[in-house]
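Chain by chain, the residues run as shown.
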Amino acid sequence: MMTPDGSTAAPTHPTASARTHPNSAVRDVPPTRVVPSLRAEVETGFAKRPRELSPKHLYDARGAELFEQICALPEYYLTRTETALLHAHATAIIEAARPAEIVELGAGSARKTEILLAAAADHAARNQAPLTFWPMDVCVSALDEAAQRLRERFPRIAVKPLAGDHTAGLSHLPARSGARLFVFLGSTLGNFEPAGAQRLLGDIARQMGPDDRLLLGVDTVKDTATLEAAYNDAAGVTAAFNENLINVLNRELDGDLDIAGFRHRAVYNPELQRIESYLDATRAQTGTFAALDASHAFAPGDSIFTEISRKFTPDSLDADLAPAGLVRTADFLADGNRYALHVIARADA
Ligand code: AVI
């Protein structure tokens, strides 16, 4: 399933040999390290108070559908602001990166990247240079759909989809043929704690040569009202997205929690500069998970901490980039600094 920040259970491959999916041109990127399964996360995360789970479990088929709807909500300014920034600056970004290859992490439908690909295809045509697009995602069906659409629109671009979880390491990416532009959009970096963000950035940095660049889209620190509205939309789509996690737990772990006994809550934590999303129990209930051979009792007000959405300043972003040996080389800011696209290089390049 397509997830902005990784898969639930990446298979472990002993070698880096590429596998092709049946009836699909998608190749596997074997994980470098094992990522914890939902089962393992419940076992450790539900022992904490508040209970916690990583946000990647929000993206089953229904969650992915609800997230698509969130991206179109009036309150959720992130997607349309990033799209507008890409339209405004795609040519400048491509001129700065001069890529022979574009590798997108968590590409999904690659709708926003299409804007960048149009500029990259023009650049490649002017220079009579080849161009390859490697969209990487855990959802093979999304990759297949995107590849078909992009091949039709950009016959000059070699579209080579990669199935894999970018949170499981990137050592087994295919060999390069020239300067690479890594792309990581949607402020998905904000769904990672600083340690996780730094690890992911380090994984990317280790794959970057001196001429390579990373294009990173991140949401920025702003007033609490705007931020909280974006995660508490009037139509209740974000609430449904968060509450759907109870369905995921029940289905995957053979559980019987009552979804009606939980309520979505999203609040801005100004100290940590992040939205924190919770599921609060509205009444007492005990859920039994047959797959875990365990029960979990919730009292009214007990919470499951389901997601962080960090908001960045140039300084806080630099604090994540520096340990990975990365620096910003160009910044593209939306009006009022509502959102940012950054072009990033190796500090030693
Ligand atoms: C995917 N990610 C960047 C979104 C965010 O803003 O943290 C997920 C999301 N959660 C609630 N609304 C959107």
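Before reading further, recall that the structure is shown in the block above.
Overview of the structure. Chains are numbered independently. Their residues run from 1 in the order of the written sequence. Two thresholds apply to this predicted model, a pLDDT of at least 70 for residue-level local features and 80 or more for giving and counting side-chain atom pairs, whereas whole-chain, interface and lining totals are computed over all residues. Excluded from the side-chain calculations are hydrogens and water; all other atoms, namely the structure's heavy atoms, are used.

Okay, the overall build of the protein next. Scanning the protein from N- to C-terminus turns up nine helices and 15 strands. Seen through its principal axes, the protein has C-alpha atoms that stretch 65 × 45 × 35 Å. Each residue is assigned to one of three classes by its accessible area relative to the maximum for its type, calculated with a 1.4 Å probe on protein chains only: buried under 20%, partly exposed between the two thresholds, exposed over 50%. The 349 residues of the protein split such that 55% are buried. Contact criterion: two residues are considered in contact whenever any of their non-hydrogen atoms come within 4.5 Å of each other. Pairs at least 24 residues apart make up 73% of the contacts formed inside the protein by residues separated by at least 6 positions. Using a 1.4 Å probe, the Shrake-Rupley method yields the accessible areas, and only the shown protein chains count as cover for residues. Here the protein displays about 14400 Å² of accessible surface, and carbon together with sulfur accounts for 51% of that area. All tallies of charge rest on Lys and Arg as positive and Asp and Glu as negative; His and the ends of each chain are not included. By convention, the charge on Lys lies at NZ, on Arg at CZ, on Asp at CG and on Glu at CD. Taking the 35 positively charged and 45 negatively charged side chains of the protein as two groups, their mean positions are separated by 4 Å. Runs of H or I in DSSP of at least four residues are treated as helices and runs of E of at least two as strands, each being numbered from the N terminus.

A few words on the packing of helix α3 (residues 77-97) against helix α4 (residues 113-126). How two helices sit against one another is set out by the angle between their axes and by the gap between those axes. Every axis corresponds to a line fitted to the C-alpha atoms, with the helix fit spanning only the stretch in contact, and the corresponding angles, defined between N-to-C directions, vary from 0 to 180 degrees. At a minimum axis distance of 8 Å, the contact between α3 and α4 shows a crossing angle of 25 degrees. One way to sum up the angle between α3 and α4 is to call them roughly parallel. The hand of the α3/α4 crossing is right-handed. Here T83, L86, H87, A90, T91, I93, I94 and E95 of α3 come into contact with α4, specifically with I115, L116, A119, A120, H123 and R126. Under the convention adopted here, Pro, Cys and the residues Ala, Val, Leu, Ile, Met, Phe, Trp and Tyr are nonpolar, Asp, Glu, Lys and Arg are charged, and Gly plus all remaining residues are polar. Of the residues contributing to the contact of α3 with α4, the split by class is eight nonpolar, four polar and two charged. Working rule for angles: under 35 degrees goes down as roughly parallel, over 145 as roughly antiparallel, 65 to 115 as roughly perpendicular, anything else as oblique. Note on convention: the crossing is left-handed when the near helix lies turned anticlockwise from the far helix by less than a right angle, right-handed when the turn is clockwise.

What follows covers the pattern of salt bridges. When the charged atoms of two side chains lie near each other, side chains of opposite charge can form a pair. Any carboxyl oxygen of Asp or Glu within 4 Å of a side-chain nitrogen of Lys or Arg constitutes a salt bridge here. Taken as a whole, this structure holds 25 salt bridges when the rule is applied. For E95, the salt bridge is made with R126, and the minimal N-O distance between the two is 3.3 Å. One end of the pair, E95, is in helix α3; the other, R126, is in helix α4, with 31 residues separating them in the sequence. For E95, a relative accessible area of 33% corresponds to the partly exposed category. Between R206 and D203 there is a salt bridge; the shortest N-O distance is 2.7 Å. Of this pair, R206 and D203 both sit in helix α6 (residues 194-206), three residues apart, which is roughly one turn of the helix.

Turning to the side chain of T220, a few remarks are in order. Tracing the backbone shows T220 in the loop between β8 (213-219) and α7 (224-230). Polar contacts involving the side chain of T220 include one to the main-chain carbonyl oxygen of N337, which spans 2.5 Å. Other than its neighbours up to four places away in sequence, T220 contacts L227, K311, F312, N337, R338, Y339 and A340. Whenever a nitrogen or oxygen atom comes within 3.5 Å of another N or O atom, the pair is scored as a polar contact, on the condition that within protein one atom can donate a hydrogen and the other can accept it, and that pairs from neighbouring residues in sequence are kept only if both atoms are in side chains.

Our focus in this paragraph is the packing of aromatic side chains. Under the pairing criterion, centres of Phe, Tyr and Trp rings, with the six-membered ring standing for Trp, must be within 6.5 Å; the plane angle then separates stacked pairs below 30 degrees from edge-to-face pairs above 60, leaving the rest tilted. Under the criterion given, the structure shown has seven aromatic pairs. Between Y59 and F241, the aromatic rings sit 5.3 Å apart at their centres with planes inclined by 65 degrees, giving edge-to-face as the arrangement. Here the residue Y59 occupies a position in the loop between β2 (51-52) and α2 (61-71), and F241 occupies one in helix α8 (residues 237-253), the gap between them amounting to 182 residues. Over the ring of F298 we find R51; its NZ or CZ atom is 4.1 Å from the centre of that ring. Sitting above the plane of the Y77 ring, R338 keeps its charged end 4.7 Å from the centroid. A ring has a charge above it when a Lys NZ or an Arg CZ is no more than 6 Å from the ring centre and no more than 35 degrees off the ring normal.

Here we take up empty space enclosed by the protein. Using a grid of 1 Å spacing that covers the protein atoms alone, one calls a set of points a cavity when a 1.4 Å probe fits there but cannot get out, and a pocket when the set is open and has protein on both sides within 12 Å along at least five of seven lines; lining residues are those with an atom within 4 Å of a point. Grid points are joined across faces, edges and corners, and a volume is the space filled by probe spheres set on the points. Inspection of every chain in the model, using the stated rule, returns two cavities of 30 Å³ or more. For the largest cavity, the calculated volume is near 180 Å³. Every residue lining the largest cavity is counted, 19 residues in all, and those nearest its centre are Y76, N191, Y231, E307 and S309. For the lining of the largest cavity, the secondary structure elements donating two or more residues are α2, α8 and β13 (303-310). A per-element tally of the lining of the largest cavity places β13 first, with three residues. The residue inventory of the lining of the largest cavity, partitioned by class, reads nine nonpolar, seven polar and three charged.

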